[in-house]
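Results of the structural survey
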Amino acid sequence: MASSNSYKLRCSIPGHEMDVRGLASAAFPEGAFVSVSRDRTGRVWVPNSSPDKGFTEMHCMSGHSNFVSCVCIIAPSETYPRGLIATGGNDNNICVFTLDQPQALFTLKGHKNTVCTLSSGKFGTLLSGSWDTTAKVWLNEKCMMTLEGHTAAVWAVVILPEQGLMLSGSADKTIRLWKAGRCEKTFTGHEDCVRGLAVISNAEFFSCSNDASIRRWLVATGECAQVYYSHTNYIYSMAVFPNSQDFISTGEDRTLRIWRQGECSQTIRLPAQSVWCCCILPNGDIAVGASDGIIRVFTESEDRMASVEDLQAFEDELSKATIDPKTGDLGDIKMEELPGREHLDEPGNRDGQTRLIKEGQKVEAYQWSVSDGRWMKIGDVVGGSNQQTSKTVMYEGKEYDYVFTIDVNEGGPSMKLPYNVSEDPWLTAHNFLQKNDLSPMFLDQVANFIIENTKGHVVGPAQPAGGDPFTGGARYIPGGSDDKPGFGADPFTGSGRYIPGSGPNPSAPVGVADPFTGGGAYSSAALRQTATNIYFPKTDGVTFEQANGTQIISKLKELNGGAPQEHKLSEENLESLEMLLVAVCEPVSSKPPPTIQQINLLWKAAHWPEDIVFPVLDIMRLAVRHPLVNESLCGEAEGVQLCNHLLSLMRPEGRPANQMLALRTLCNCFSGRHGRALLMAQRETVLSRAADLATVCNKNIHIALATVVLNYAGCLHSQPDLEAKAQCLSVASRALETVQDKEAVFRLLVSLGTTVASDQTARDLARSLGVNSQISKYSSVSDPSKVAECCQLVLKELQ
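None of the values given here were measured: they were computed from a predicted structure.

Some thoughts on the overall build of the protein
Across its full length, the protein carries 19 helices and 36 strands. Long-range contacts, defined as pairs at least 24 residues apart, comprise 54% of the intrachain contacts of the protein with a sequence gap of at least 6. About 33,300 Å² of surface is accessible on the protein, with carbon and sulfur atoms providing 49% of the total.

Digging into the state of the cysteines
Going through the model one piece at a time under the given rule, you end up with 0 disulfides. In this model Cys116 remains outside any disulfide bridge; the closest cysteine sulfur is found in Cys70, 6.6 Å from its own. Residue Cys116 is classed as buried on the basis of its relative accessible area, which comes to 9%. Free of any disulfide, Cys279 has its nearest cysteine sulfur in Cys278, 7.4 Å distant.

Overview of helix H9 (residues 627-634)
For H9, every residue scored as buried is listed here: Val629, Asn630, Ser632, Leu633 and Cys634. Next to the buried residues of H9 lie helix H6 (571-585), helix H7 (596-605), helix H8 (614-623), helix H10 (636-649), helix H11 (656-669) and helix H12 (673-681).

As for the side chain of Lys786
On the secondary structure map, Lys786 appears in helix H19 (residues 785-797). Look at Lys786 and you get buried, because its relative accessible area is 3%. Among the polar contacts listed, one links the side chain of Lys786 to the side chain of Glu743, at a separation of 2.7 Å.

Let's talk about the pairing of strand E3 (residues 33-37)
Most of E3 is tucked away: 5 of the 5 residues are buried. Residues Phe33, Ser35 and Ser37 point to one face of E3 and Val34 and Val36 to the other, with burial holding for every one of them. Here strand E2 (residues 20-25) pairs with E3 via 5 bridges, running antiparallel. Within E3, the position partnered with Leu23 by the bridge is Ser35. As defined by bridge partners, E3 adjoins strand E4 (residues 41-47) across 4 bridges and the pair is classed as antiparallel. The partner of Phe33 across the bridge, within E4, is Trp45.

Some remarks on helix H15 (residues 722-735)
Along its 14 residues, H15 runs 20 Å from first to last C-alpha, staying within 8% of the 20 Å computed at 1.5 Å per residue. Most of H15 is tucked away: 13 of the 14 residues are buried.

A few points about the pattern of salt bridges
Tallied over the entire structure, the rule returns 34 salt bridges. Two residues, Lys557 and Glu578, come together in a salt bridge whose shortest N-O distance is 3.8 Å. Taken together, the residues Lys557 in helix H5 (residues 549-561) and Glu578 in helix H6 connect sequence positions 21 residues apart. You can call Lys557 partly exposed: its relative accessible area is 39%. A residue is classified by how much of its surface remains accessible, and Glu578, at 32% relative accessible area, is partly exposed. Two residues, Glu653 and Arg651, come together in a salt bridge whose shortest N-O distance is 3.2 Å. Each of Arg341, Glu359, Lys362, Glu364, Lys377 and Asp380 takes part in one network of salt bridges that share partners.

Remarks on unusual backbone geometry
Backbone geometry follows two general trends: most residues other than glycine have a negative phi, and most peptide bonds adopt the trans configuration. Between Phe28 and the following residue, Pro29, the backbone shows a cis peptide bond with an omega angle of -10°. Inspection of the secondary structure assignment puts Pro29 in the loop between E2 and E3. Following Asp783, the chain continues into Pro784 via a peptide bond in cis, with omega recorded as -5°. Considering the arrangement of structural elements, one finds Pro784 in the loop between helix H18 (771-775) and H19. Residue Arg40 is not a glycine yet carries a positive backbone phi of 75°. A positive phi is found at Glu141, a non-glycine position, where the angle reads about 70°. With respect to the helices and strands, Glu141 occurs in the loop between strand E12 (135-139) and strand E13 (142-147).

Some points on the sheet that holds strand E26 (residues 275-280)
Sheet strands pair via backbone hydrogen bonds, and the direction of the pair is either parallel or antiparallel. Spatial ordering of the open sheet is given by E1-E28-E27-E26, a layout of 4 strands whose pairing is antiparallel. Each edge of the open sheet carries a strand with a single partner, namely strand E1 (8-13) and E26. Each adjacent strand pair in this sheet contributes to an overall mean axis angle of 25°, direction not counted. Note that E26 and strand E27 (residues 286-290) share 5 bridges and pair antiparallel. Note on E27: the bridge partner recorded for Cys279 is Ala287. Helix H1 (residues 308-319) contacts E1 and strand E28 (295-299) of the sheet and is inclined by roughly 80° relative to E1.

A few points about the sheet that holds strand E20 (residues 213-218)
The strand order E18-E19-E20-E21 describes an open sheet built from 4 strands, whose pairing is antiparallel. Unpaired on one side and paired on the other, strand E18 (194-199) and strand E21 (224-229) mark the two borders of the sheet. Strand-to-strand, the axes of this sheet are offset by a mean angle of 20°, without reference to chain direction. As defined by bridge partners, E18 adjoins strand E19 (residues 204-209) across 5 bridges and the pair is classed as antiparallel. Looking at E19, one finds that Val199 is bridged to Phe205.

Some words on the nonpolar core
Grouped together as the largest cluster of nonpolar side chains are 116 residues, with contacts concentrated most on Leu602, Leu663, Leu749, Leu752, Ile775 and Tyr778. Considering each element in turn, this core owes the most residues, 11 residues, to helix H14 (residues 699-716). Every residue in contact with Tyr778, bar those within four places of it in the chain, is listed here: Leu736, Val739, Val745, Leu749, Val787, Ala788 and Cys791. Among the nonpolar cores identified, the runner-up in size contains 17 residues, and Tyr402, Met415, Ala429 and Ile450 belong to it.

So, how was this worked out
Residues numbered from 1 in each chain as written. Predicted model: local features only at pLDDT ≥ 70, side-chain atom pairs only at ≥ 80, totals over all residues. Heavy atoms only, no water. Helix = DSSP H or I, 4+ residues; strand = E, 2+ residues; numbered from the N terminus. Contact = heavy atoms within 4.5 Å. Areas by Shrake-Rupley, 256 points an atom, 1.4 Å probe, with all protein chains shown as cover. Disulfide = S-S within 2.5 Å. Buried < 20%, exposed > 50% of the residue type's maximum accessible area, 1.4 Å probe, protein only. Polar contact = N/O pair within 3.5 Å; in protein donor to acceptor, adjacent residues only side chain to side chain. Pairing = 2+ DSSP bridges. Expected span 1.5 Å × (residues − 1). Salt bridge = Lys/Arg side-chain N within 4 Å of Asp/Glu carboxyl O. Axes fitted to C-alpha atoms, helices over the stretch in contact; angles between N-to-C directions. Core = buried A, V, L, I, M, F, W, Y, C linked by side-chain atoms within 4.5 Å.

Spelled out as structure tokens, the structure:
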């Protein structure tokens, strides 16, 4: 009975020449898994039928020019029914392989430093994390989004099963939750680098850290529901069993630990210091990779366990290991106070409990095995005196095990390289090169220098002040913008009651009406039929045309009377602006065209104080539709100034009237060739700032925001710019979370439909972001009916 609940060695696979850094269970063949290593290769292992119950190498993959640090499996698809293998490396690249070709199918480039973590999601989505402090979302060989916000290396990423949610864990000690490319939540609690993440369900996940703890988190609230302690050093990796409760973990304390019902139920020690990675195979067996280059598989099943001889050989190998007390695993050792062998006559009280005994002049370490009911030797303790464990070197106020002097240039100044045996030599070398602005080409040389000069010393714990080189205090965490209430009532008073943006928001009648204006813009051929889509793709720009010129000028004159002296306009200038307004509101041929003097005057007046500028912005909103004004204000030199000025008025803490009119002006800029070129060039900044206004509670702002997104989607429809389409999808998806007004919702749905229409990659990305489940609630909206109709058509596109 005991053996069925306890894992024992199945086999050891000496397949790699250096550290095994990543493992993943493969989709095909059955029972296979993939390993990657510092030896720059990835290998596929399949179970064999030999008596040793081992694995055979199916093929070896090469494509990286440096160490391979992580691996994940991309699920099978119609194109690749056996799935794909993605690997990340120290060459900053991601290589993607099929299961039967040793060469990469394609390579993803974009990260600026080591790619150290990968996770795959639905529809072929791939999420990567890097030492460059970013995570990236990839689809169909393209980078769709870059997730920025962490202040140190991103060590762990994972895609949650539903809703397009993604998690990243970093050396800045935080975990971030991302939705549609935006950071929704930051989880804090770990006291050192976050090294691993594992999904429990849509609602919960685990994290593990260099602080030797595992935490369980609630996605919805950001609350840490439980902390698990048992490891005595860095924890590098985790995996969750299919029951979504039990899990495994590995770390720098030479152990694999199995957790059941929240308790560490079994501790398996390995004859290697760093147990870098683990994965759970479909049959419940566990594979682990370690710093000795060996993969070991453990099983609960008696018929797959190694022979008695192999189990004894593994135990003998473990007993010959040397343990450095600096790992902290064994406490402070005083040899003269240690008991003798008789101490092993008493049984242990928990699995994995360690005991030290004195055997002559040696100190031996033993571990209690509950399943075997005996103490197993796990190694000889070296350097066991209290005096030796505290031998450190001070450098810049911190304690280190070593401080090397490095001479890079003959005759030049020497450089100090501090090093703790707890640290990864390559990570320390990388940090040293960055700090001293040295070429990354020296990475191998410096790392090997560290290894050569610390031989015989196994890795110990981090000194508190000299921990992972990517951590640091006083980090900057950008806060969310304030949710300022909008103006529900009209903020403008006076007899004229000029209200920018007032007037009906027409919803389209049935039949051939234009769904944006309610006018008869569609021909009789567009009469509603089940197969007809009158809503998208919408490629002609939507503008804000409505105006009451008399009221605008009346309000302008009223506010000019109280304007500061330096901003006050003369009667002549007021008359000039009035003529401009008339010129841009009448048919182009019926009135004299706007003059350059009038356009310059409009630009000057647009810099009035923010509390009185709104009527000028309304004139500008109407003026930019005119070809001459569009060319003059949106041309190459002036355009960026116009864009920056409107963006400054759109600050989340700004005035709602100005925010709305700035958005409407941007929408109307799309009506001219120069305006479109300007806004496409400034797309990333404009959409980012516009997206922030979804939190302002004002329906007119929301409609204008939705229209900006829609106009961008229309411009991008026939272009292969996937990153730009990804931003449109992201902004529309995020806006739909807060926008309530049905007209704004409708325009956002049309923008989604326009973005995904005729573009398979955009459709896949929308599905991976969870757009289907997000918009399905609108498919039953009865008033106005266009919302439900458009929603159903978008859902049909995304099937």
